[in-house]
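Architecture at a glance
Here's the letter readout for the chains.
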Amino acid sequence: MTQERPVREGAVLVMGEALIDLVPSPEDPAAYRAEPGGAPANVATGLARLGTPSWFAGALGGDGFARMIEQRLVSAGTELGLCARSELPTTLAVADPGPEGTGYHFHLQDTATFRLPDHSAEVDRFAAVYAGGVAAVVEPAAEAVASTARAAAARSLLVVDPNVREDRTIDPETGVRRLRELCSLAQVVKASDEDLVRLWPGTDPDETCRRLAAEGRLVVVTRGAKGSTGYAGSSEPVSVPAVPVEVVNTIGAGDAFMSGLLHWLTTTGAHREGGAAALSPDEVARMLGFASQVAASVCAQTGTEPSKEIDIRPYLNQ
């Protein structure tokens, strides 16, 4: 596939879905507004806005929703040279906000969104490769994601956010198996406490994180308003509180946190071989502090894109 531009140093390959979220309007809950979404697309957009070159390796359809998504990605500065194209329509995710968070109901069948190519041949040209989201468990995308992830684990830095989604259109047993496999391959795993409970039921999330980290990984667990905790290799975990903010919106906050995490890793050089799992407690605290600021910038406004105004310098090693 022809690329738009050469890959820049420190660039991140983001593989997964870009779709449309149908979200209840604050003015009229019976009315829904269309917003570009999909965890991987949110991460790619967030990275570009923060200043890390990002390449979105998803698939775009041939409808007006796809044009809306493309405009968002391009406006943020995300490269689309590895993005597949199709005349099929775009996947819709109908948001269902509730007291325990936002659930989604997906309209997946016969859409362009999950017709992803295998990008195994490209991974060693990137500082890191992100995988996760619904594309990791929905065919035909799932096998392409798995193949690319295996290559990334061997030749780059594989970063996985399992981002578990429960929906009647997604087989839960197959989804859990695929996401566990991705986590076992990854050098960096970022997950919510809810993700960990769904993937390893009956096991305390802290125990799961310690086990994954002890195998030579950086593991980060997010707990919403309760903050986040990082586990670097066999070191003791480090916890950082959430940034206080008047919450306007929580959709996309976890993806913004992921963007901040990746931006910090590539900016500091910790993405290089073995560096992420070898972070000191102080470095883990700085990384989590910056990612929390990025997530807070999304919670304080409508939309899912982090602020460009966040200064990473106070969070770099002194």
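Right, let's walk through the structure included here.

Reading the values: rules and limits
Chains are numbered independently. Their residues run from 1 in the order of the written sequence. It should be noted that, the model being predicted, local features are given only for residues of pLDDT at least 70 and side-chain atom pairs only at 80 or more, the latter also being counted only at that level, while totals for whole chains, interfaces and linings use all residues. To get the side-chain values, all heavy atoms of the structure are used, and hydrogens and water are removed first. Where helices and strands are cited, they refer to DSSP runs of H or I of at least four residues and of E of at least two residues respectively, numbered from the N terminus. For a compact globule the rule gives 2.2 Å times the number of residues to the power 0.38, and the radius of gyration it is set against comes from C-alpha atoms. For this analysis, residues touch if any pair of their heavy atoms sits within 4.5 Å. To estimate how far a helix should extend, the number of its residues minus one is multiplied by 1.5 Å. Think of it in three bands: residues with accessible area under 20% of the maximum for their type are buried, residues over 50% are exposed, and the middle band is partly exposed, with areas taken using a 1.4 Å probe on protein chains only. Any two strands are treated as partners once DSSP identifies two or more bridges connecting them. Put simply, buried Ala, Val, Leu, Ile, Met, Phe, Trp, Tyr and Cys residues joined by side-chain atoms within 4.5 Å make one nonpolar core. Working definition: a disulfide is two cysteine sulfur atoms within 2.5 Å of each other. Geometry of aromatic contacts follows a simple scheme: Phe, Tyr and Trp rings, the Trp one being its six-membered ring, pair when their centres are within 6.5 Å, and the pair is stacked under 30 degrees between planes, edge-to-face over 60, tilted otherwise. Every axis corresponds to a line fitted to the C-alpha atoms, with the helix fit spanning only the stretch in contact, and the corresponding angles, defined between N-to-C directions, vary from 0 to 180 degrees.

1. Quick notes on the overall build of the protein chain
A count of helical and extended segments in the protein chain gives 8 helices and 14 strands. Whereas a compact globule of 318 residues would reach a radius of gyration of roughly 20 Å, the protein chain reaches 18 Å, a difference of no more than 12%. Projected onto its principal axes, the C-alpha positions of the protein chain cover 50 × 45 × 40 Å. Within the protein chain, contacts between residues at least 6 apart in sequence are counted, and of these 71% link residues at least 24 apart.

2. Brief notes about helix α7 (residues 253-268)
Here α7 contains 16 residues, and its C-alpha end-to-end distance of 23 Å stays within 8% of the 22 Å for a straight helix at 1.5 Å per residue. Within α7, 13 of the 16 residues are buried, which leaves the element mostly enclosed by the surrounding structure. Backbone geometry just after α7 places glycine 269 at a positive phi near 85 degrees.

3. Notes on the pairing of strand β2 (residues 19-24)
For β2, the tally of buried residues reaches 6 of 6 residues, placing the bulk of the element in the interior. With 6 bridges connecting them, β2 and strand β3 (residues 32-37) associate as antiparallel partners. For leucine 19, the partnering residue across the bridge sits in β3 and is glycine 37.

4. Considerations on the nonpolar core
If you look at the biggest cluster of nonpolar residues, it comprises 53 residues, and the most contacted ones within it are Leu13, Phe106, Leu116 and Val145. With sequence-adjacent residues up to four places away left out, leucine 13 is seen in contact with Trp55, Ala57, Leu82, His119, Val123, Phe126, Ala128, Val129 and Tyr130. In this structure, Leu50, Tyr130, Ala256 and Leu261 belong to the second largest nonpolar core, which totals 49 residues.

5. Overview of the state of the cysteines
Counted according to the given criterion, the structure contains 0 disulfides. Here cysteine 209 stays unpaired: no disulfide links it, and the sulfur of cysteine 183, its closest cysteine neighbor, is 9.8 Å away.

6. Side note on the packing of aromatic side chains
On inspection of all chains with the given rule, the structure shows 2 aromatic pairs. With centroids separated by 6.2 Å and ring planes inclined at 75 degrees, the aromatic side chains of tryptophan 55 and phenylalanine 126 adopt a geometry described as edge-to-face. Remark: phenylalanine 126 occurs in the loop between β8 (101-107) and β9 (128-132) and tryptophan 55 occurs in strand β4 (residues 54-57); sequence separation between them is 71 residues. You'll find tryptophan 55 and phenylalanine 126 in the same group, each marked buried.

7. Quick notes on the environment of phenylalanine 126
Among the residues examined, phenylalanine 126 registers a relative accessible area of 5% and is labelled buried. If sequence neighbours within four positions are ignored, phenylalanine 126 has contacts with Val7, Ala11, Val12, Leu13, Trp55, Leu82 and Ser156.

8. Focus on the sheet that holds strand β11 (residues 188-192)
Ordered in space as β4-β1-β9-β10-β11-β12-β13-β14, the 8 strands form an open sheet in which the pairing is mixed. Each edge of the open sheet is held by one strand with a lone partner, namely β4 and β14 (238-240). Here the average twist between neighbouring strands, direction ignored, is 15 degrees. Of the strand pairs in this sheet, strand β1 (residues 12-15) and β4 are connected by 4 bridges, and their pairing is parallel. Following the sheet pairing, valine 12 is matched in β4 by serine 54. Of the strands in this sheet, β12 (218-222), β13 (228-232) and β14 touch helix α8 (residues 281-299), which is tilted by about 30 degrees from β14.

9. Considering the environment of proline 241
The topology assignment puts proline 241 in the loop between β14 and α7. For the pair proline 241 and serine 54, spaced 187 residues apart in sequence, the C-alpha separation works out to 28 Å. With near-sequence residues (within four places) excluded, proline 241 lies in contact with Gly227 and Ser292.

10. Some thoughts on unusual backbone geometry
Across the junction of glutamate 139 and proline 140, the peptide omega takes the value 5 degrees, indicating a cis bond. With respect to the secondary-structure elements, proline 140 resides in the loop between β9 and α3 (141-155). Positive phi is not limited to glycine here, since aspartate 110 has a value of about 55 degrees. For aspartate 110, the position within the fold is in the loop between β8 and β9. Residues other than glycine seldom take positive phi values, yet asparagine 163 does so here, at roughly 45 degrees.

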